[in-house]
Structures are given as C-alpha cells and as structure tokens.
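An overview of the molecular structure
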Amino acid sequence: QAILALAVSAPKKRARPGVRPKVAASPERLFRDAVMSTLARSCLCLGCWAVVASTRSDLEWTAEVLNLRYEALHDAQAGNLSMAYAAEIAASLGVPVLDVTDADGRPGRVSLLSLDASVASATEQPVDAAPMSPGSQEAPTEARTGVATATMTNLRTVVQGRRQSSVVTMPPLWPLKGIAYGALPCASQTCGGHGLPSRDMAQVGYAAQWSRSGRGDLSTMASLGANAVRMYHTLGLGAEQDHGQFLDEALQAGLNVMPGYHTEMANEPDKCVDFDCFDAWKVATLQGFDFGFKAGGEWHSAVAALVLMNEPDFFENSAKCTSGGARCRVKAVLSAMDGVLAAEKESGVNGGRVKLTATWSFALRTSIDGLVSGPGIFGFQDIAAAIKDPSIAGYEPRASLAELGDAFAKRWVHGLNTQAPWDFVDEMISKDYARFGSTPWFIGEYGANGQPAARIQSDLESMLAAAGRGDGFVGAAFFQFQTAYEKGGSEMNFGLFSLGAEIHTTGEVCDDAAPCATWPVRCLSTELPWLLGALGDRAAAVAAAWQGRIPVGEVGMCTGSPTMQPPVPVPGPTPPSTQEPTTLPPTSPPTTRQPVSLPPGVLPPLRPMNGIAYGALPCTEHACGGRGLASEDMPQAGYAAQWGPDGRDDLGVMRALGANAVRLYHAFGLEVDDDHGAFLDHAAHTGLNVLPGYHTGSDCPMFDCFHTWKNATAFGLDRGFQRGSDWHPAVAMLILLNEPDFFEYAPKCQPPGAWCHVKAVVSALDGVLAAEREANITSGRVKLTVTWSFAMRASIDGKVFGPGVFGFQDVVAGISDPSI
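This report concerns the structure included in the present document. Each chain has its residues counted from 1, following the order in which its sequence is written. With pLDDT at 70 or above as the cut-off, local features in this predicted model cover only qualifying residues; side-chain atom pairs require 80 or more to be listed or tallied, and sums for whole chains, interfaces and linings still use all residues. Just so you know, side-chain values use all the structure's heavy atoms and leave hydrogens and water out.

**Description of the packing of aromatic side chains**
For Phe, Tyr and Trp, rings pair up if their centres lie within 6.5 Å, where Trp contributes its six-membered ring, and each pair is then called stacked (planes under 30 degrees apart), edge-to-face (over 60) or tilted (otherwise). Scanning the entire structure with this criterion turns up 29 aromatic pairs. With a centroid separation of 6.3 Å and 45° between ring planes, the pair formed by phenylalanine 380 and tryptophan 441 is classed as tilted. With phenylalanine 380 in helix H8 (residues 377–388) and tryptophan 441 in strand S16 (residues 441–446), this residue pair connects regions lying 61 residues apart in the sequence. The burial state of phenylalanine 380 is the same as that of tryptophan 441; both residues are buried. Taking the centre distance of 5.9 Å and the plane angle of 85° together, the rings of phenylalanine 703 and tryptophan 755 count as edge-to-face. Note that phenylalanine 703 is positioned in the loop between strand S22 (689–691) and helix H16 (706–721) and tryptophan 755 in helix H17 (residues 755–774), a separation of 52 residues in sequence. In this structure phenylalanine 703 comes out as buried when scored by relative accessible area, which is 4%. On the basis of relative accessible area, tryptophan 755 is assigned to the partly exposed category, the value being 23%. Among the aromatic residues, those joined into a cluster by ring pairs are Phe380, Trp422, Tyr433, Phe436, Trp441 and Phe473. Over the aromatic face of phenylalanine 715 sits the side chain of arginine 719, whose NZ or CZ is 3.5 Å from the ring centroid. For the purposes of this entry, the term helix denotes a DSSP run of H or I that reaches at least four residues, the term strand denotes a run of E that reaches at least two, and both are numbered from the N terminus. Only protein chains enter the accessibility calculation, which uses a 1.4 Å probe; a residue is then buried when its area is under 20% of its type maximum, exposed when over 50%, and partly exposed in between. In this analysis the charged atom, NZ for Lys or CZ for Arg, is taken to sit over a ring once it is within 6 Å of the ring centre and within 35 degrees of the ring normal.

**A look at the pattern of salt bridges**
Here, a salt bridge means any Lys or Arg side-chain nitrogen found within 4 Å of an Asp or Glu carboxyl oxygen. Counted according to the given criterion, the structure contains 27 salt bridges. The partner of glutamate 346 in a salt bridge is lysine 282, with the nearest N and O atoms 2.9 Å apart. With glutamate 346 in helix H7 (residues 327–347) and lysine 282 in helix H6 (residues 278–293), this pair connects stretches of sequence that are 64 residues apart. Since its relative accessible area comes to 51%, glutamate 346 is described here as exposed.

**Structural notes on the sheet that holds strand S11 (residues 305–310)**
Hydrogen bonds between backbone atoms are what pair the strands of a sheet, whose relative direction is either parallel or antiparallel. Two strands form a pair only when DSSP identifies at least two bridges running between them. Taking strand neighbours across the sheet as the criterion, the eight strands line up as S8-S7-S6-S17-S16-S15-S12-S11 in an open arrangement whose pairing is parallel. Edge strands, defined here as strands with exactly one partner in the open sheet, are strand S8 (256–258) and S11. Averaged over all pairs of adjacent strands, the angle between their axes in this sheet comes to 25°, without regard to strand direction. Pairing of S11 with strand S12 (residues 355–360), which is carried by four bridges, proceeds in the parallel orientation. Bridging from a neighbouring strand, alanine 305 pairs with lysine 355 of S12. By the convention used here, residues are in contact when the closest approach between their heavy atoms is within 4.5 Å. Axis geometry follows a simple rule: fit a line to the C-alpha atoms, using only the stretch in contact for helices, then measure angles between N-to-C directions, giving values from 0 to 180 degrees. Strands S11, S12 and strand S15 (412–418) of the sheet are contacted by H7, whose axis makes an angle of about 150° with S11. Strands S15, S16 and strand S17 (473–478) of the sheet are contacted by helix H10 (residues 422–430), whose axis makes an angle of about 145° with S16.

**Examining the sheet that holds S22**
Reading across from one edge, S20-S21-S22 is the order of the three strands in this open sheet, with parallel pairing throughout. At either margin of the open sheet sits one strand with a lone partner, and together these are strand S20 (611–613) and S22. Strand-to-strand, the axes of this sheet are offset by a mean angle of 20°, without reference to chain direction. Pairing between strand S21 (residues 661–663) and S22: three bridges, direction parallel. Within the sheet, the bridge partner assigned to alanine 661 lies in S22 and is asparagine 689.

In structure tokens, the structure reads:
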C-alpha cells in the first residue's frame, strides 16, 4: 500500500491536451486536470512497483487530496471525478479502466470519502510514503470555492487482477431489461410549433434531463429495475457535443447503453447512394469516437450494443429504392455494419463485448432469399443470408468475407420491434428459431399498446423466464421512457411517464438538422390521464416485473404538480375485460345463401351497419412480387372476376357472412376509365349497401381539395355512379377522406397543425356538393363522412381532445366557421 499526499493547485483556464474539439471544459474537468497532472507523475513509481509485485492478485492504494471541499460537489460532479481518477490511475498503471474498482468493488471508479481535518492533516505522512510531487509543500490554495478549507478527500482504489486483463464487470446485458429513451423536452405536439429539438439525447446539453444533478432519468430507469437504455439517434446526427458524460452517468447507474444510429441517413439524398451506407456509418462512428464513445483502445465501457438501424424494412417504400423489394434494406444494414467495422479498425478500437444489431418491424414479410416468411424473423434471415453472400443484396464489402463472418458470429444479435403480447411474439419467432443456431435475439421495442398493467407485468415476467430457457431469446426493451407529446396521436399510448411542471432548463442542444436552442425540462409523473384505469399504470407494471421501484418524491419526480395533459380529457380505450372468455361452439360449414334480388333502390337498412372493408388486390406476395401494385380501384369492371357473380363472387360471400354493406377506398380519384356500374348493380342485387371512398392521396394545392374532389366526383358519375338524376341506388355513403389527420406530417403542411386536414375535408365536401349541383344530382339517402384515425389529438378549436372524436369536432368547427 502506498500513501500519497497531494497539494492541489488552482486550475488554470485551459483544456488538457487531447480534449475533444468544440467542447468547453467544465469546472470539474479543469479541477480534475490539475489534480491528475500531479497524480499521474506520482503514480509512475506505483506502476513500476505493480510490475514487481505482479504475482499479487490485487493492489490497494489510498491517497489524500488536500483542499477539496467534497461536500460542495453535487452527485454528478463527484461521479465524474470518481471515474476520471480511475481512468488516470488505469493509464498510469497500464491496466484497463474496468480493472480499477472502488472500495465496494464497482468498476471504473474510485471511492471519494470526506475526512475530518482533526483526524487527518496535510502534514501527517507515514514512514513509507511515496515522495510528494514537486510543489506539494506550498500553502493550500482554493480548488472549487473561494474559501480555503482543511477538508481532505480520501481516494481508495483497488486495481484487480493481473496487468492487461480485460474482465467486463458492468451488469450483464442478458437478460435484457431495457428502456427505450427518446425523451424530447416537448409538452405538446410539434413542441408547440417551435420545431423539434435535437433527437440526440446523449449529448451533454441534455444533462439536465438524464444526469443525477438534473432530472435523473438514468437513475430513474435503474430504480425501475432496468439494466439497459436503448437509444435512437446518438450517432449520425452530427451533434458536436460531448457524449462521454452520458455514458459515464449510465455506467454509474449500472445501465448498459445501446446507442442507435440515425436510420434516416439512409434516405438522405447525399448519403447512402443506392443504399450503400458504408461511408455514412463509418463517418458517424468516427465522430462518435471523437465525442466520448471511445475510451483508450475500446468502446466506452458503458456501451453494450450498437443498433445500426431501426426498422430498415420500410426502406422498400422509399423513393430511393428503385430496385424495390428486400435488396434496399439488406444492402443498407450490411454496408452499415461494414462501415462500423472499418471505423473500429481505423481507430484501433477493439469491439470487445459490444454487440451489433438491427431492429426490424413486426410486419409480415419474406426474407431476401425467400426461405423465411414471418413478422420480424424475415430480417433475421436477411442478414444471415447476406453475410454468407453479400451479392444477394448487390453489395461488395470493403471488409473480407472472413471479417464480416467473424463479426456476425461473435457480435450479432437479431432484433425486432413489436406492440403485440409476448405469448404471440414467442409463438411466431421461437417455433422456427432453431435455424439461426446460437445467435441470440431480443425485442428492441415492447410497446404493450392498449395493455393493462397486469398484462404488461405478466409479459415482462414471462420474457425474463424465457430469457433463461437457452433457446436464443435474451430479453426486451420497454417502449418507452417518456410520453412522446411531440408526436401526439397513438404515440401518446406508450410512455411510462408524463410531464409536469418545469424544474430545469437544458443546455444548448443541436445537431446537423436542429438549430441550437435551450428547452424547459419538466418533472416526471406516472399519471397518464388519457389512458383509463389500469391502462395508465405502466410504470408500476414495469417496476413490479423487474423488482424495482418508482422513485416517488425523489429528484426529477413531480410533487403535486399537475401532469401536462390535453385541454379536454376524454375516455381512452376501454380496458380489456377480466371475465373468462365465453366458450364458443364448434364452427359448422358456412351456410350458402342465395343472393336476394331486390328492386332498384330497395336495400337493407344501413343501420345497424355490418360492413366489410374491401381492398382485395390480387397479390399473394409483398409488393405483388416486385411487379408493382395493381390498381386499388376495386369496383372497376376489370375486377369482375373477383367480385362478380360469374367469378369469385366476393360480394356474395360478404352477404353470406351477414354483411349489409361494403366499404371501398379508391373508387373515386384514380380516374380509371372503366365501368363501375356493374359492381354497384351486383351489390344492389346481392343486398349490400356501398360506401365508396375517394383516393385520399390525390393532390390538393395547399390542401384546398375543391377542384380535385369535384372533378373526381364528375368522373365517377360518368362511369356508373349516376342513375338518372340520382346516385346509383346501391350507394349509401361517400367516404371523402380516410385518416386525413396524418396530413399534418406532410412536408407541405407548414406550419404543421390541424388546419391542413380540416381545410382538406371542408373543401372536399364543397367540391362534391358542387359536382352534384352541376350534374343535377339529388343526394337522396347518400350520406357524407370522413374516417379519422384513433390517434390522440386535440380539435382545431381546442374544445375536444381524444382519439377520433377530435375529428368530429374539427368538422363541426370547420362548417361553423371555415376561416378557422
């Protein structure tokens, strides 16, 4: 044991060599630098002594640092000092930083203990003390405060194991108990119209949210029982701020970090040409190394897995994906992996324990080689096939096939996102997972949409049990930490916490896409008033399943502050019944009914409606096997072989099921120059009311749909929808638009808001009425409607909030005052 007494000089206003560019040195960092320049020199003799004593299993070391007011440090500063001392000691002794542990055995830290001045003084030295560093006999000077103090801090460090060992002592990543984190500081949709802040949550400007000196989000996750935090945009957005403090904070909280790359880079015009993402992902990784993700020759010890892309299967719908099919998504992921490996090689970074993954959607797709079909699992096979033969995706790797194969075998983890209950996911994936050998898989987002607390707890507990089966599944990340107010709609269903009163302000946060700005930080509440009853007890369910706790009354949690909520709360989804399901009798063969011939205009009443939505494209593969989609205008005569009496007779099948109506989507607006009257005739003969829909995707300048809908109506009337001076008798209702509330996300909806969809609806209605007048049509029994999504939104006048019902009020308000 060696005892060092160090006198600490006042820090100079400079950053130490090697400081990352554009990162201002914090007061604790300047103080730390002054300490460590002395400590490192004093440790040289210890490094030599450690070599001589290398047969010993560990080395215990204690030093007294003079003139540090330990009680003046807040938790985050003390934690940063603890880890910084550990890093410098490890460097001096030539051991990995995780081999340096504090008195309690925690890796990458030293213990900071405040000693009473009457017990230990600056002049007390043991006989065998190591030489004091030059200048240590000078009078004490102030360190962090303006007042000199005799308080001293004792640092006790244990360097475990032999030199150059690399034992990973972070909490194990498996079984995964993660929480998805994208907690933007927004308390309303589109952040109140100010534009979204940076989505890179790990930049130091957001420390007021995630650090213990701020709202303490990472500590809150750990309290709930989590062992990991999943991120989305931490690499690739170009935020030139330190990210090391986030990783340090996560390390201190015992949370493995799963940083995500900015997936949208793949769709940017100047990046990922033809979905070759090698350069974009390599540059993003190198920049991450510059801003805190690298520690020596390794990834920062908190980093456990890199999420290369999130749901890249949707690339096949991108305008850039001219080849169509699976090629785009597979090439993007494979090239991104190649780029990350190249960045590691160029920087001399050992991948170590850091896993690699991509999280696929739970959509039903077929793998690129056609061997596997199913939700999520198609992507597992995509990567397995492309690693063996990159040419299947049209990609030429920069790394050798051996290097790619080695990284896949040792580091790859399959991942998927889902909102479905665990038992269904388990059945869909596990039954065929043996084909993937020993490669593990996890759920990157467990959404639990519309699930009560009991179901959430049961699912999470079952996942933990399944992670111990040894058949590949290793756990899940819960989606998500905070309610996504900025997204609104159905995204409001997922958070663990809502927002309350303002308690802090962020530092400046920005990236290549978001300008620099500060934002209010609000306290967290477990109350989710838009979710009824047990549907809102999401945080309690997670804590119960993971044997954690909700940190009520602790830092960052609301204490009596009202939750930020919509202006008019309305009932949300009804919680599932707790009754035992009714046992149904065995099904019998369907009864074949003869179509009922009815006089023109005489149809079954529309109320109560027993309708069936009809968009039966003749495709048996995704994207119709890569040939492009068939026409979506189903009542055209060309589809008579499907719906007609001489064909498959879909309309007759609907009537046999007991339906009294058929809902259509693109009967107007696609301008299919074909007869539609035969469909209407057969529907009337069969006894089905028809609810034709307009093509919602039609172009409307600045959302004024008057002319577009007028012309579409006139075109339809000429092709069978008109009978004399009336609508065809089968027509019962016109569906003007389907879920137009999503127009507010359209690029041309500027500024974003409800005005876009309300203007579209009112103008479409106006256009249909004009077409009727021009054609001398009597509306008769034909109703008019719009179908809204079940998203959580506020009406344009702010009077109503709730799923779907917001749109009811939108139309009422828009009719009352179109200028709104």
